[in-house]
Amino acid sequence: MNPLNARTELWIAASVFALALTVRLMFLFSSPDRHWPHSVFYEGDAPEWVRYAAALDEGRPYEFDLPLRPPAVAYLIHWLAPGMASQALAGTRASFIAFKVLWCVLSAATCALAYLAFAKQFGRRIALMAASLCVFSFASYVTAASLNNETPYGFILIMIVVGWLGLLERPMTWLAILVGALHGIATLLRPEHTLLLLLMVAYAAWIWLRSSPGVPNHPATASLKRKALMLAMVALTSICVCLPWSVRGSLAVARFNHTSTDSPNYDQAKVVWTPEARAAIDSLPAFARLGNFAFIDALAQANNKQTVTAQDVNDFFTKVFGYVPQPMSRWVLVSIKGPLDFALANHPEARGGFSRAALIRPNEPEPKLLLGRPDHLRLINDGYSVGLGYIKSDPGAWLANVGRKLSNFVDGIALGFTSLNWPIGLEGVRRPIDMIAPEPGDAQFWQFIVLTLIGLGLALAVARRTGGVWIILIGYKVVITILFYGYARQAVSIAPAFYLFAAIALDQIGRWGFYALKPWRRLRLGAGCVLIGGLLAIEIAAFIWRPQLEVSPPQRPDPRWGSSAFESVDTVHIRRHAGRPARPDG
């Protein structure tokens, strides 16, 4: 690209950024939930990140100080606004709007960087179409207005793609280190990102091996060793970025396994504990002793037993729970929740999205995760084997569950555009830990159109032998969706990839149809400006006359976050209020 063209592309990218930021800020500032950390359309883990940040503010452990969650968002809140999370939880009505503005900036920057990446590979026309879809994507508005990790993760992903494209073209040490560092940051945002790193390294190795002549002492063969070194450098840098958190997490797990803050008091037990029974409890990991001791003690009293023996302890674990508590593994990169999530997501009673069915025993209410409880601990330690057992026990039920996961994923691909989510509308369902999606059965024709365009774009890209990095990005998310939870937000985090292939398809349809017509060649710039102007007019109208929404079933207010705020991990349905449109409140 010559300097003149490069300057033009930068000006276009800057315009894309300005337009994207404008429409996102209009959406944010017209939202009654703008002061909350989350939003009506998407709660996710945003309140949890604030609670995590509050614990960091106050210097106290969060979730036993274990590496259960990726830390990036919570630490970002803590570093950028020390004490604000604690104030919000104390009821001082702290506003999170400044963070949401930052999220809007990151979302707009993602659109601009995506344009540059698209233009480099596919030319300006396709890049403008794809970037326009990114700019007016309702899904990206929603994620920019909720302090979850999709927006920063999407921004880092686009930077990674730009970096990989440069690395494939010119392998350079500094670029390999930069790309590796970006991969490390992305992993601290979403632990499953490690799969994408592996896929990208494998793809780059395949590209370079395919282009190598395979002749000894040939310059291209010699450069292959340098390229292999670049890939090793990417992987090593990524690990190094995560290493401080990994070491911290490993030490925290070791303390949790071996240090007891509250040991069983056998002398005050309700029944007599034999020395062997005491030794059996004391042999457990430190965190599992007190709760199981109390449970066995109460159970013995209820059964009118006079003593608890080692056999009683063994029977309790093997016959009641089928598992004797074992120490948690100290090996951790970012999070120890992977096995647990795999088991929960693939339980026969899971329904595509988030489910706690694997944590619940018959005839008991839905519990929270209890790390000392044997059946829950088993999912932390052996969740992958447990999940595979679920799959093998009923492959048909698992395939049906995968179908529901992919259906949820498609909901994220095919959300609409502008603040009104055209053509779907603002009504829909918000599943647990997910964002708004159409009600089941709604918007099927629209989804068919979107999937057809993306499928055509993918086929054209494969036929032209281009777009490999973007295809890998989609493949990675599809694999994660199949293996873990089916969320609409999984698709939204890689939305630019889908919009790229839709734009490729639209461009080809234009080639088949009206691109060759002389009137179109004269009017296409004007037509584009009219279209953008029309979309902006819709945004201005939505800003002034934003529709009023209500949630069913009614939710209990949570005044810590602001007026009419609520939290819910259950399914909620979003409807238009029958009254007048809502104006932005003060």
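Above this text sits the structure in question.
No experiment lies behind these values; they were computed from the predicted model shown.

Visitor: I'd like a description of the overall build of the protein chain, backed by residues and values.
Guide: A tally of helices and strands in the protein chain yields 22 helices and six strands. Computed over C-alpha atoms, the radius of gyration of the protein chain comes to 27 Å, within 12% of the 25 Å expected from 2.2 N^0.38 for 586 residues, which places it in the range of a compact globule. Going through the 586 residues of the protein chain one by one, you find that 51% of them count as buried. Within the protein chain, residue pairs in contact and separated by at least 24 positions form 77% of the contacts whose partners lie at least 6 positions apart. Of the roughly 26,700 Å² that the protein chain leaves accessible, carbon and sulfur atoms contribute 64%. Charged side chains of the protein chain number 53 positive and 38 negative; the gap between the two group centres comes to 12 Å.

Visitor: Explain the nonpolar core to me, and be specific about the residues and the numbers.
Guide: Taken as a class, soluble globular proteins show a tendency for nonpolar side chains to be buried jointly. Ranked by internal contacts, the top residues of the largest apolar core, which has 138 residues, are Trp164, Trp470 and Leu473. With 15 residues, helix H5 (residues 97-122) is the single largest residue contributor to this core. The contact partners of Trp470, leaving out residues within four places of it in the chain, are Ala117, Phe118, Gln121, Phe122, Ile158, Val161, Ala497, Leu500 and Phe501.

Visitor: Give me the lowdown on the packing of aromatic side chains, citing residues and values where you can.
Guide: Summed over all chains, the structure comprises 29 aromatic pairs. Judged by centre distance (6.1 Å) and plane angle (80°), the rings of Tyr75 and Trp245 are edge-to-face. Of this pair, Tyr75 sits in helix H3 (residues 72-80) while Trp245 is found in helix H11 (residues 219-258), placing the two residues 170 residues apart along the sequence. This pair shows no difference in class: Tyr75 is buried, exactly as Trp245 is. Summarising the aromatic geometry, the rings of Tyr203 and Trp206 are spaced 6.3 Å apart at their centres and angled 35° between planes, so their arrangement reads as tilted. Linking Tyr203 with Trp206, this pair stays in helix H10 (residues 193-211), spanning three residues, or about one helical turn.

Visitor: Describe helix H16 (residues 374-393), with residues and values.
Guide: In a regular helix each residue adds 1.5 Å, so 20 residues correspond to 28 Å; H16 covers only 22 Å between its end C-alpha atoms and thus falls short of that length. A maximum bend of about 100° is found in H16 at Asp382. Of the residues making up H16, those classed as buried are Pro374, Asp375, His376, Leu377, Leu379, Ile380, Gly383, Val386, Gly387 and Ile391.

Visitor: Kindly report on the side chain of Arg289, identifying the contributing residues and their values.
Guide: In this structure, Arg289 sits in helix H13 (residues 289-302). Buried charged residue Arg289 carries no salt bridge. Nearest counter-charge: Asp282, at 5.2 Å.

Visitor: Which residues make up the packing of helix H6 (residues 124-135) against helix H21 (residues 495-512), and what are the values?
Guide: At their nearest, the axes of H6 and H21 sit 8 Å apart, and the two run at 130° to each other. The angle between the axes of H6 and H21 places the two elements in the oblique class. Crossing angle aside, the handedness with which H6 passes H21 is right-handed. Counted together, Arg125, Ile126, Met129, Ala130, Leu133 and Cys134 of H6 and Pro496, Tyr499, Leu500, Ala502, Ala503, Ile504, Leu506, Asp507 and Arg511 of H21 form the full contact between these two elements. Its residues assigned to classes, the contact of H6 with H21 shows 12 nonpolar, no polar and three charged.

Visitor: Now, about the sheet that holds strand E5 (residues 549-552): what can you tell me, with residues and values included?
Guide: If you walk across this open sheet you meet the four strands as E4-E3-E6-E5, and the pairing is antiparallel. Pairing within the sheet leaves two strands with one partner each, and these edge strands are strand E4 (436-437) and E5. Bridging between strand E3 (residues 428-430) and E4 involves two bridges; their strand directions are antiparallel. The residue bridging Val429 from the neighbouring strand is Ala437, located in E4.

Visitor: Provide a residue-level description of the packing of helix H8 (residues 150-169) against helix H9 (residues 173-189), including the pertinent values.
Guide: Two elements in contact, H8 and H9, have axes separated by 9 Å at closest approach and are oriented at 155°. Taken together, the axes of H8 and H9 lie roughly antiparallel to each other. In the crossing of H8 with H9, the sense of the turn from one axis to the other is left-handed. Contact residues: H8 offers Pro152, Tyr153, Ile156, Met159, Ile160, Gly163, Trp164, Gly166 and Leu167, while H9 offers Leu175, Ala176, Val179, Leu182, His183, Ile185, Ala186 and Leu189. Here the residues of the contact of H8 with H9 sort into 14 nonpolar, three polar and no charged.

Procedures and definitions
- Residues numbered from 1 in each chain as written.
- Predicted model: local features only at pLDDT ≥ 70, side-chain atom pairs only at ≥ 80, totals over all residues.
- Heavy atoms only, no water.
- Helix = DSSP H or I, 4+ residues; strand = E, 2+ residues; numbered from the N terminus.
- Rg over C-alpha atoms; globule rule 2.2 N^0.38 Å.
- Buried < 20%, exposed > 50% of the residue type's maximum accessible area, 1.4 Å probe, protein only.
- Contact = heavy atoms within 4.5 Å.
- Areas by Shrake-Rupley, 256 points an atom, 1.4 Å probe, with all protein chains shown as cover.
- Lys, Arg positive; Asp, Glu negative; His and termini not counted.
- Charge placed at Lys NZ, Arg CZ, Asp CG, Glu CD.
- Core = buried A, V, L, I, M, F, W, Y, C linked by side-chain atoms within 4.5 Å.
- Phe/Tyr/Trp six-rings, centres within 6.5 Å; stacked < 30°, edge-to-face > 60°.
- Expected span 1.5 Å × (residues − 1).
- Bend = angle between axes of the 7 residues up to and from the residue.
- Salt bridge = Lys/Arg side-chain N within 4 Å of Asp/Glu carboxyl O.
- Axes fitted to C-alpha atoms, helices over the stretch in contact; angles between N-to-C directions.
- Parallel < 35°, antiparallel > 145°, perpendicular 65-115°, else oblique.
- Left-handed = near helix turned anticlockwise from the far one by under 90°.
- Nonpolar A, V, L, I, M, F, W, Y, C, P; charged D, E, K, R; others polar.
- Pairing = 2+ DSSP bridges.

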